[in-house]
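Chain by chain, the residues run as shown.
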Amino acid sequence: MTGADTRVVVVGAGLAGLTAAVELATAGADVTVLEARQRVGGRMHGIPMSSTVIADGGAAYLGVRHTELLAMIRENGLGLASTEMLGDSTFLLSDERTTTASRVPPLDAVALGDLFDRLESLVAEVCAEAPWASPRAEYLDGLTVARWVAEELEHPAARAFFPMFIGEMMAADPARISVLHMAFYLRSGGGIRYLNAFKGGAQEWRIDGGAHQLCEALARRLGNRIRLGRDVDAVEQIGDGVLVHSTSTVDGMASEHRADYVVVAIPPLLAQQIEFRPGLPAPRATPATGRGCAVKVHLSYPSPIWREHGLSGWSVSSDGPLLSTVDDSPSDLSAGILTGFVTGAAAASFSALSLPEKADAVLAHARKLFPQLPAPTRCSVTDWLADRYSKGCYAALFGPGDWMRLGPTLTEPHGRVHWAGTETSLEFFGLMEGAIRSGRRAAHELIYGADVAADSRKATAQ
Ligand SMILES: Cc1cc2nc3c(=O)[nH]c(=O)nc-3n(C[C@H](O)[C@H](O)[C@H](O)COP(=O)(O)OP(=O)(O)OC[C@H]3O[C@@H](n4cnc5c(N)ncnc54)[C@H](O)[C@@H]3O)c2cc1C
């Protein structure tokens, strides 16, 4: 870039935008962060369950390979809480309830082994640095996962298990994502075993007290550089600068912010809604790009009572709404928190229910899963599908043709406009780790130049 006092506007105060803003401010840039919501953190959001307990309504889990995230947690004085898997798992398959020591559903082991072998070979085919350049990229990108399942999986157990697996891993409806996206996502996150594991895997820890605290800590470092309630609707490049147009979500007043550069750090479906002048040479999302299908539910108990019954709280169901549950109790055990995930195809119909209907459906399901537990003292539902400033979660889902069309230009600056956000990261795409890496990359493009940023990214990856 850029000398001291270069003006940079960052659009979006999620983890990616905040990371970019802190790096740029530290390098001496004059940074302004425009955030549409009345809070920072985006998809990292604390849900108060009592006066002392906060649950993760959005992102929660991390593991040892999330090196940038772990370093940032340490630097900001936060701690980790282990995810506990003490006791038996509960399975509710076609309304039949079983409990077992294994985390894998009691389905034909050979059929599930064959499914994982097939998935592993797809994952091995993907070129991690450029999925669109993988050997069969065009074919795999044109094929939906639902079609692949219909053609490849013959055993009923594999067919029954697959939607549960992909719902939990990617919050995806198999009919809406391409095989290339599934294989890339599993590879980018560290492989199937790593992504799926608690101990030693991507779900080993949570940030003690809630993941939102990390964004709040970064926001404190930025102080009044952050403007909340500013919905950016247009980005106009004129002469040697940029005008960023936003509308107040409080009083509807329009504002203009002048900058030398802009970092757009929002999910692709939202970036696609911004008017860019001149227009973008390639879209940020297409009609095939989907919302991640996740609704998160929290049930509060006086303590993790399921442990007294020899249960871990981990459950998997073949039918919704709660496709899986996990024990997310605070580390001081001052309460018992069961987190439920409504994901994949089940999430859209659940999202359409009224709040009381959602709560009724969840409580009925919880009674079937854990008949020995009393009713929870509180039920909270966080519906990301309906969320205007996220448009689904965990991350955007690339549909058929998207990787070939969007992939090559994901990080390519458009003049003075640079891109961040977890969906622009080829490493840990869709995760908090990907968000941080994307924010650093975008900031380094401005501080050191795009080529140096790309080289340093390669060096980090090695
Ligand atoms: C239910 C759920 C579970 C998840 N689980 C995990 C997990 O266990 N582990 C993990 O690593 N990750 C998980 N994730 C994903 C993780 O939350 C994201 O990868 C990460 O938080 C993305 O950060 P970001 O900054 O790229 O985007 P965001 O967090 O989406 O930030 C974008 C920001 O931009 C703002 N914005 C949008 N449009 C505009 C506009 N026009 N003008 C101004 N501001 C705008 C938004 O309000 C938001 O604050 C989960 C997400 C969800 C929702």
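Everything discussed here concerns the structure shown above.
Our subject in this report is the structure included herewith. Treat the numbers as computed from the prediction; the structure is a model and nothing was measured.

Description of the nonpolar core
- Ranked by internal contacts, the top residues of the largest apolar core, which has 63 residues, are W148, F162, F165, M182 and L186.
- Here this core takes eight residues from helix α6 (residues 156–170), the largest share from any one element.

Some words on the packing of aromatic side chains
- For the structure shown, the criterion picks out 15 aromatic pairs.
- A centroid spacing of 5.9 Å and a plane angle of 65° characterise the contact between F116 and F161, whose relative ring orientation is edge-to-face. With a gap of 45 residues between them, F116 in helix α3 (residues 109–125) and F161 in helix α6 connect regions that are remote in the sequence.
- Here F116 falls in the partly exposed class, since its relative accessible area comes to 21%.
- Relative to F162, the ring of W148 lies with its centre 6.1 Å away and its plane at 55°, an arrangement referred to as tilted. Residue W148 is found in helix α5 (residues 145–152), and its partner F162 is found in helix α6; the two are separated by 14 residues along the sequence.
- Chaining the aromatic ring pairs together yields one cluster made of W132, F184, Y185, F398, W403 and F429.
- In this arrangement the basic side chain of R103 is found over the ring face of W314, its NZ or CZ atom lying 4.4 Å from the centre.

Section: the pattern of salt bridges
- Taken as a whole and judged by the stated rule, the model has 21 salt bridges.
- Note that R7 and D260 form a salt bridge whose closest N and O atoms lie 3.7 Å from each other. Within this pair, whereas R7 is found in strand β1 (residues 7–11), its partner D260 is found in the loop between β13 (254–259) and β14 (261–264), the two being separated by 253 residues in sequence.
- If you follow the salt bridges from partner to partner, you end up with E23, E68 and R440 in one network.

A word on empty space enclosed by the protein
- Tallying each qualifying case throughout the model produces three cavities of 30 Å³ or more.
- For the largest cavity, the calculated volume is near 70 Å³.
- Lining the largest cavity, in full, are V264, I266, P268, A271, R284, L410, W419, A420, E423 and T424.
- For the lining of the largest cavity, the residue count by class is seven nonpolar, one polar and two charged.

Definitions and cut-offs
Residues numbered from 1 in each chain as written. Predicted model: local features only at pLDDT ≥ 70, side-chain atom pairs only at ≥ 80, totals over all residues. Heavy atoms only, no water. Core = buried A, V, L, I, M, F, W, Y, C linked by side-chain atoms within 4.5 Å. Buried < 20%, exposed > 50% of the residue type's maximum accessible area, 1.4 Å probe, protein only. Helix = DSSP H or I, 4+ residues; strand = E, 2+ residues; numbered from the N terminus. Phe/Tyr/Trp six-rings, centres within 6.5 Å; stacked < 30°, edge-to-face > 60°. Lys NZ or Arg CZ within 6 Å of the ring centre and 35° of its normal. Salt bridge = Lys/Arg side-chain N within 4 Å of Asp/Glu carboxyl O. 1 Å grid on protein atoms, 1.4 Å probe; cavity = no way out; pocket = protein on both sides within 12 Å on 5 of 7 lines; lining within 4 Å. Points joined across faces, edges and corners; volume = space filled by probe spheres on them. Nonpolar A, V, L, I, M, F, W, Y, C, P; charged D, E, K, R; others polar.

Everything listed here is a matter of coordinates, which is why it stays silent on function.
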